[in-house]
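Residue-level structure breakdown
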Amino acid sequence: MMQAFLSDLVMRFEGLENQLNILDAATGDGDHGATILKGLKAAAAATDAPDKAFRRAAGGASGSLFAVVIAALDKAQAGDDLGAALAQAAERITMLGQAKPGDKTMLDALIPASKAASPQAAAQAAANGRDATREMAAKRGRAKYVEGAGVGHVDAGAPSIAEILAAFAEYSETAP
């Protein structure tokens, strides 16, 4: 079932790749959409351990951080509590990236989602967190070095988290 979800996610991100690259170009190196899509394609093709396939294919910091989210969704799909799985993912990402809420990172979408009671509520919380990054000053990553620390721009990782969780919510409604 996780492979079906990941295959659907690949199609979703094929449509978002350019938009995410443009978002990332404002505060980063402009390849976020391409990187996430590369990782998702590998994860969808993997016969096991989609998180490891994602990490190897995507590479870099994004590969490592988003692989943690893929692993959390794999656990949730297998029956673990989604909120607990996302909370563990957020803790791991905090440790790996040395970021915290309010630093204008993917965590600003992921942490609120981890506190939600359902996949649909998690998707909405992630979307709200994504939107909140627009007015934050970046304290981590490349965005902290751009003029104004990225204020006025949405962090590229936060929309990816929001999209992944929106897709997971849709998938959870239709999965057998």
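Residues numbered from 1 in each chain as written. Predicted model: local features only at pLDDT ≥ 70, side-chain atom pairs only at ≥ 80, totals over all residues. Heavy atoms only, no water.

Brief notes about the overall build of the protein
Within the protein one finds 8 helices and 0 strands. The C-alpha atoms of the protein give a radius of gyration of 15 Å, which matches the 16 Å a tight globule of 176 residues would have. Projecting the C-alpha coordinates of the protein onto the three principal axes gives extents of approximately 50 × 30 × 25 Å. When the 176 residues of the protein are sorted by exposure, 47% land in the buried category. As displayed, the protein offers around 8100 Å² of accessible surface, 51% of which is attributable to carbon and sulfur atoms. Across the protein, 17 positive and 21 negative side-chain charges occur, with their mean positions spaced 7 Å apart. (Helix = DSSP H or I, 4+ residues; strand = E, 2+ residues; numbered from the N terminus. Rg over C-alpha atoms; globule rule 2.2 N^0.38 Å. Buried < 20%, exposed > 50% of the residue type's maximum accessible area, 1.4 Å probe, protein only. Areas by Shrake-Rupley, 256 points an atom, 1.4 Å probe, with all protein chains shown as cover. Lys, Arg positive; Asp, Glu negative; His and termini not counted. Charge placed at Lys NZ, Arg CZ, Asp CG, Glu CD.)

Digging into the pattern of salt bridges
If you walk through the whole model with that rule in mind, you get 4 salt bridges. Salt-bridge contacts for Arg-12 lead to Glu-163; the nearest nitrogen and oxygen are separated by 2.9 Å. Pair noted here: Arg-12 is in helix α1 (residues 2-27) and Glu-163 is in helix α8 (residues 157-174), with a separation of 151 residues, a long-range link. Given the relative accessible area of 25%, Arg-12 is considered partly exposed. By relative accessible area, Glu-163 is classed as partly exposed at 23%. A single salt-bridge network, built from bridges that share partners, covers Arg-12, Glu-163 and Glu-170. (Salt bridge = Lys/Arg side-chain N within 4 Å of Asp/Glu carboxyl O.)

Comments concerning the packing of helix α4 (residues 60-77) against α8
Running from N to C, α4 and α8 cross one another at 15 degrees; their axes reach a closest spacing of 12 Å. The pairing of α4 with α8 is recorded here as roughly parallel in orientation. As for how α4 packs across α8, the hand of that crossing is right-handed. On the side of α4, the interface is formed by Phe-66, Val-69, Leu-73, Ala-76 and Gln-77, while α8 contributes Gly-157, Ser-160, Ile-161, Ile-164, Leu-165, Phe-168 and Tyr-171. Residue composition of the contact of α4 with α8, by class: 9 nonpolar, 3 polar and no charged. (Axes fitted to C-alpha atoms, helices over the stretch in contact; angles between N-to-C directions. Parallel < 35°, antiparallel > 145°, perpendicular 65-115°, else oblique. Left-handed = near helix turned anticlockwise from the far one by under 90°. Contact = heavy atoms within 4.5 Å. Nonpolar A, V, L, I, M, F, W, Y, C, P; charged D, E, K, R; others polar.)

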